[in-house]
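Observations on the three-dimensional arrangement
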Amino acid sequence: MSGMDSVRELLDELMARQVADGRTVGIAVAATDVDGPLLTAYHGWADRSARLPVGQGTVFQIGSISKVATAVLAVQQWEAGRLDPHAPVRRYLPWLPAEPFEHVTSHQLLSHTAGLAPGSDTSPASPYLAIAAAFPPPVPGGTFHYGNANFQIMGMVVEAVAGRPYQELLVERLLRRLGMAGSFPAITAAAREPMAVGYTISPDDRPFAAGDRLEPAPFFEYTAGDGCLACPIADLAAFARMLVNGGAGVLTPAGFELLTTPVADTGDGESACYGVFAGHKYDYPDLNHGGNMVGYDSMLCVDRDSGLGVVTLTTGIADSVPLARRLLGLLREHRAGRPLRLPPPAAGPRLADYVGTYRGGGSSRDVRLDGDRLEVDGAELRHVRGDVFAITGSPFPVRFGRAGVGDSGGPGTGAVVELCQGPGHWVTSAYSGDVGRPHPADWDAYCGQYRSHGPFEPTFRILVRNGELLQALPFGRERKLLPAGSGSCFGLDGSRDVLVFDTPAAGRTLRAVLSGCPYYRTLA
């Protein structure tokens, strides 16, 4: 068996692992070097109900990898002398409000250092997104804050300085030059027929656990510069090959250097450049960007030393980064003449760690192990991730807490001492923290479920637990709300986002505005 045959065999195993827990439905993978394609592989379904497999012509939404394309178009305008990255962005978009955009530059937008909040994309792709991005006001200063609004605005900047529609520029100055004939410059009805069906959770307000079934994601048009491209895998590989070849075909050497020069530390072992990330966190100098849309996930990574590029496109809710990185690792090992092997599949949690009785609020929760089935009060706990488990029928996951403090002040890594579900909080006798902490009475008015018609984050719940105000999101995630400014205004821990509650009625607020994007209390 040749070395590349061995790579293909191990890639097949990787893809089979990817779909095994039900979080992924369809996969397309490709690898390239400076000279051309190395391999392409497919697994699973483009349309599960029609039993249509993923194949050469299957188109996927690539999400935020589109930001790299927008950055390339911006650098082309710099090469043509039309765009000054360090000029105020209002030079090109004078309709942007002077406050707070007076000092925001394209350089900051391209490197995610404009201080914009991430937002929640509840409106369609629209110039309104630039206005919504002004709340909370940007805080430029060189600190990295990833956000889609940066490239929604940059798409409009490129269009303004070139004097031509953004999608036309994508086709003429990128897709045609790179031979990406099967790609679409915008997610519209024209792209729907060859596009793989995306898959997501249903109901949309609770965590997914192994054994659950994904359902078709809603199709919606998207045309903004942060995530509008849709590509078959061979086309995305051609885009990666452009990066492997130093921008050949679309950028001058000076332009490629501008694109890939580090600007800001991401805090994750990488640097933000113009629309792409660079670093050595995987022991080789790489360029990369991932992408996520509702029902789709993607990854592009390039090893600048070996001249290898890997791209992955998937449908479902799973992260495709490990698949891309492991394939790139196999190709590097093959190039170096070393034996090829895969790490064993990740082990599940040690269920015995969670067994015990947890008490709080005048009640108790009993966690028991029945063979390989973990139960709380007789209900099965199904693993989501880490120390988080789902209970069938409940929008609230069960979250276990451990003693001690983890790396960088994160969750503890010791014995399990805490059980949280929704607003409930129960602990073991080994728990050393505070229990029953009070909270301001006006917080009760904020609690409940809020919804928007936006497909990306359609709903969240607000709850109080042990003296903390929390935002409970789909997929079992939580964020702590921190008072900011007036009594009804809160920051979100670890984010530039701001959440404001308003429209009080009958002792409850009826609306929550997340960084300019409105959500409304449900009647449930």
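Look up: the structure comes first, before these words.
Sequence positions are assigned chain by chain, starting from 1 and proceeding in written order. This being a predicted model, a pLDDT of at least 70 is required before a residue's local features are given, and a value of 80 or more before pairs of side-chain atoms are given or counted; all residues contribute to the totals for chains, interfaces and linings. As a rule here, side-chain values cover all heavy atoms of the structure and leave hydrogens and water aside.

A separate point is the pairing of strand S22 (residues 448–451). Along any regular strand, the residues point their side chains to alternate faces of the sheet. At least two DSSP bridges between two strands are needed for those strands to be called paired. The way it works is that DSSP assigns letters per residue, a run of H or I at least four long becomes a helix, a run of E at least two long becomes a strand, and they are numbered from the N terminus. Bridging between S22 and strand S23 (residues 459–465) involves four bridges; their strand directions are antiparallel. Residue pairing across strands places glutamine 449 opposite arginine 461, the latter belonging to S23. When S22 meets strand S29 (residues 517–521), the two strands line up antiparallel, connected through two bridges. Residue arginine 451 lies in a different strand from S29, and its bridge partner there is tyrosine 520.

This paragraph deals with the pattern of salt bridges. For this analysis, a salt bridge means a side-chain nitrogen from Lys or Arg found within 4 Å of a carboxyl oxygen belonging to Asp or Glu. In total, this model carries 27 salt bridges according to the counting rule given. A salt bridge links glutamate 168 to arginine 164, with the shortest nitrogen-to-oxygen separation between them at 3.4 Å. You can call arginine 164 partly exposed: its relative accessible area is 29%. Overlapping salt bridges bring together Arg350, Asp353, Asp387 and Arg402 as one network. Exposed residues in this analysis have more than 50% of their type's maximum accessible area, buried residues have under 20%, and partly exposed residues fall in between, with area computed by a 1.4 Å probe over protein chains only.

With that settled, consider the state of the cysteines. Sulfur atoms of two cysteines make up a disulfide when they are within 2.5 Å. Tallied over the full model, the rule gives zero disulfides. Cysteine cysteine 273 shares no disulfide, and the gap to the nearest cysteine sulfur, in cysteine 301, comes to 15 Å. Cysteine 489 takes part in no disulfide bond, and the closest cysteine sulfur to it belongs to cysteine 517, at a distance of 14 Å.

To continue, consider the sheet that holds strand S28 (residues 508–514). With antiparallel pairing, eight strands are arranged side by side around a closed barrel as S22-S23-S24-S25-S26-S27-S28-S29. On average, each strand axis in the sheet is tilted by 35° relative to the strand beside it, whichever way the strands run. Every axis corresponds to a line fitted to the C-alpha atoms, with the helix fit spanning only the stretch in contact, and the corresponding angles, defined between N-to-C directions, vary from 0 to 180 degrees.

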